[in-house]
Amino acid sequence: MSKRIIAAAFFAVSFLMAAAQDAKQLHETARQFMLQGDYNNAILVLNRAIKLDSKSLDIAKDLGLNYYFARDYNKALEIYKPLIEREDADDQCFQVAGDIYLALENPKECEKVYKKGLKKISNSGALYNAYGELLWAQQDYSAIKQWEKGIETDPSFSRNYYNACKYYYFTTDKVWSIIYGEIFLNIEPSGTASPEIKNILFEGYKKLFADADLTKGNDGKNEFVTAFLQTMNKQSMLAAGGINTESLVMIRSRFILDWYNDFGNKFPLRLFDLQRQLLQEGLFDAYNQWIFTASQNLPAYQNWITTNAADYSEFSRFQKGRVFKMPAGQYYHPQ
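Position labels on residues start from 1 in each chain and follow its written sequence. The predicted nature of this model means local features are confined to residues of pLDDT at least 70 and side-chain atom pairs, given and counted, to a pLDDT of 80 or more, with totals for whole chains, interfaces and linings taken over all residues. Note that the side-chain values use all heavy atoms of the structure and ignore hydrogens as well as water.

Novice: Honestly, the overall build of the protein in this entry has me stumped. Any pointers?
Specialist: Counting its secondary structure elements, the protein contains 17 helices and zero strands. Here the globule rule is a power law, 2.2 Å times the number of residues to the power 0.38, and the radius of gyration is based on C-alpha atoms. A compact globule built from 335 residues should have a C-alpha radius of gyration of about 20 Å, whereas the protein, at 25 Å, is more than 25% larger. The classification of residues rests on relative accessible area computed with a 1.4 Å probe and restricted to protein chains. Under 20% of the type maximum is buried, over 50% is exposed, and intermediate values are partly exposed. The 335 residues of the protein split such that 46% are buried. Any two residues whose heavy atoms approach within 4.5 Å are treated as being in contact. Counting contacts in the protein only where the partners sit at least 6 residues apart, residues at least 24 apart contribute 58% of the total. Each accessible area value is a Shrake-Rupley result obtained with a 1.4 Å probe; residue values ignore everything except the protein chains displayed when judging cover. Approximately 17,600 Å² of the protein is accessible, and the part contributed by carbon and sulfur atoms is 52%. Just so you know, the count uses Lys and Arg for positive and Asp and Glu for negative, and it drops His and the chain ends. By convention, charge coordinates are those of NZ in Lys, CZ in Arg, CG in Asp, or CD in Glu. Of the charged side chains in the protein, 38 are positive and 39 negative; the average position of the first set lies 4 Å away from that of the second. Helix and strand labels come from DSSP, where a helix needs a run of H or I of at least four residues and a strand needs a run of E of at least two; each type is numbered from the N terminus.

What follows is the structure in structure tokens.
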């Protein structure tokens, strides 16, 4: 190979590297505009970036997303239509494309996009959640099947737990609203929906203990549910004086001890592992105060913090130092 050819090849590679670097810098600049809510400036910069790197999925996604935020839905769709046909399309491509169709008041095309996305990415909790919310908005109660599938296939994605918790709370179900709600709280302890779910949990325990015999009406088809109700039923007398934070601390403490004696090996669950850990570390009372007292009586919770400063400080340290994730294989609610 001649020196002239080598030099030309080197120049071409250097040019491409420089262009890619410039595109990356422009992309970062655009993202700063996005964070500031300046979508028109972000669009201006991204249009220049994509000319330098036309194959970048991330740049194209952000360009279409900024058109969506700027409410130029037709332009956003023009960008996202080819994106969902790409081999490297991710679940966000299908999510945003679905949102664009919804903004254009075209739910049928939105549904097609979600189905297409789930056919390609069958373990996307985000897509199952979005599809479920679309069905729910159409008063199609098969939405729960999508949220359940999302929980099964992508167990650490929080939003399916949130929607499933609310769904089951307004049915005759006594178990899954409590289980899913508390899992959601631990995945998103500081989320904007946390106060709502804390209240559902508190009311859910009242619903659970409404009958003296918690197993009444259980058909026994789901072994996990049967085990849960049998174990909770042992604590029924502790609810005789009503449900409050103090009674729930006793009920839930004894439940965990009994559960690990009888069913812990058969039905491992990360949520119950967390509760047992908090019991062992002397933080279970603080944990229950955070869930139940904080949602029902904020002045009482603030008073508890004042009088239990050391426990509150230790629990806060514990909360900040962990990330709660649900592992695969701990799904006990088959459809």
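And the narrative resumes.
Novice: I tried to follow unusual backbone geometry on my own but got confused; where do I start?
Specialist: In terms of backbone geometry, most residues other than glycine have negative phi values and most peptide bonds are trans. Its identity is not glycine, yet R71 carries a phi of approximately 70°, on the positive side. Assignment of secondary structure puts R71 in the loop between α3 (57-69) and α4 (73-83). Unlike most non-glycine residues, Q139 shows phi in positive territory, near 60°. When you line up the elements, Q139 lands in the loop between α7 (125-137) and α8 (143-153). What makes Q139 exposed here is its relative accessible area of 64%.

Novice: I would appreciate a short explanation of empty space enclosed by the protein in the present structure.
Specialist: Here the idea is plain: a probe the size of a water molecule rolls over the atoms and shows the empty space left. Cavity: a set of points on a 1 Å grid over the protein atoms alone where a 1.4 Å probe fits but cannot get out. Pocket: an open set with protein on both sides within 12 Å along at least five of seven lines, its lining residues, like those of a cavity, having an atom within 4 Å of a point. Grid points are joined across faces, edges and corners, and a volume is the space filled by probe spheres set on the points. Inspection of every chain in the model, using the stated rule, returns two cavities of 30 Å³ or more. Roughly 120 Å³ of volume is contained in the largest cavity. Along its surface, the largest cavity is lined by 17 residues, and I151, Y161, M326, Q330 and Y331 are the ones closest to its centre. For the lining of the largest cavity, the secondary structure elements donating two or more residues are α8 and α10 (176-187). Among the elements that line the lining of the largest cavity, the one with the most residues is α10, at four residues. Only Asp, Glu, Lys and Arg are considered charged, only Ala, Val, Leu, Ile, Met, Phe, Trp, Tyr, Cys and Pro nonpolar, and every remaining residue, Gly among them, polar. Classifying every residue of the lining of the largest cavity gives 14 nonpolar, two polar and one charged. Size it by volume and the second largest cavity reaches roughly 40 Å³. The wall of the second largest cavity is formed by I178, I179, E182, Y205, F228, M232, R252, F255, L271, F272 and Q275.

Novice: Before we go on, may I ask you to explain the environment of D91 in this structure?
Specialist: The residue D91 is located in helix α5 (residues 91-103) in this model. For D91, a relative accessible area of 25% translates into the label partly exposed. With 71 residues separating them along the chain, D91 and Y162 place their C-alpha atoms 20 Å apart. Those residues in contact with D91, other than ones at most four positions away along the chain, are I121, S124, A126 and L127.

Novice: Before we go on, may I ask you to explain the packing of α5 against α7 in this structure?
Specialist: For any two helices packed against each other, the geometry comes down to the angle between their axes and how far apart the axes lie. To get an axis, a line is fitted to the C-alpha atoms, and for a helix only the part in contact is used. The angle between two axes follows their N-to-C directions and goes from 0 to 180 degrees. Two numbers describe how α5 lies on α7: the axes approach to 9 Å, and their chain directions differ by 20°. Regarding the angle of α5 to α7, the classification is roughly parallel. Taken as a pair, α5 and α7 cross one another with a handedness that is left-handed. Where α5 abuts α7, its residues D91, F94, Q95 and L102 lie against A126, L127 and L134. Taken together, the residues that form the contact of α5 with α7 break down as five nonpolar, one polar and one charged. Roughly parallel refers to an angle under 35 degrees, roughly antiparallel to one over 145, roughly perpendicular to one between 65 and 115, and oblique to any angle outside these ranges. Handedness of each helix crossing follows the sense of rotation of the near helix against the far helix: counterclockwise by less than a right angle gives left-handed, clockwise gives right-handed.

Novice: What should I look at first to understand the side chain of E182 in this one?
Specialist: With respect to the helices, strands and loops of the structure, E182 is situated in helix α10. We classify E182 as buried; its relative accessible area is 1%.

Novice: Explanation requested: the nonpolar core in the structure shown.
Specialist: The nonpolar side chains of a soluble globular protein tend to be buried with one another. By nonpolar core we mean a set of buried residues, namely Ala, Val, Leu, Ile, Met, Phe, Trp, Tyr and Cys, connected to one another through side-chain atoms within 4.5 Å. Counting residues in each nonpolar core, the largest one holds 103 residues, and the members touching the most others are I179, Y180, F228, W259 and F272. Ignoring any residue separated from it by four or fewer positions in sequence, one finds F228 in contact with V175, I179, L208, F255, W259 and F272.

Novice: Got a minute to help me understand α10 in this structure?
Specialist: Residue count minus one, scaled by 1.5 Å, sets the expected span of a helix. Between its first and last C-alpha atoms α10 spans 16 Å; for twelve residues at 1.5 Å apiece the expected length is 16 Å, and the two agree. Here α10 lies mainly inside the structure; twelve of its twelve residues are buried. Every buried residue belonging to α10 is among W176, S177, I178, I179, Y180, G181, E182, I183, F184, L185, N186 and I187, and all of these are buried.

Novice: Please explain the packing of aromatic side chains as it appears in this structure.
Specialist: Aromatic ring pairs are defined here through the distance separating the ring centres and the angle between the ring planes. Aromatic rings from Phe, Tyr and Trp, taking only the six-membered ring of Trp, are treated as a pair when their centres fall within 6.5 Å; an angle between ring planes under 30 degrees marks them as stacked, one over 60 as edge-to-face, and anything in between as tilted. Applying the stated criterion to the full structure yields 31 aromatic pairs. When the centroid spacing of 5.6 Å and the interplanar angle of 65° are considered together, the rings of Y161 and Y180 count as edge-to-face. One end of the pair, Y161, is in helix α9 (residues 159-169); the other, Y180, is in helix α10, with 19 residues separating them in the sequence. No difference in accessibility class separates Y161 from Y180, as the two residues are buried. Each ring is checked for a lysine NZ or an arginine CZ that lies within 6 Å of its centre and within 35 degrees of its normal; such an atom marks a charge sitting over the ring. Directly above the aromatic system of Y169 lies the positively charged group of K207, at a separation of 5.5 Å from the ring centroid.

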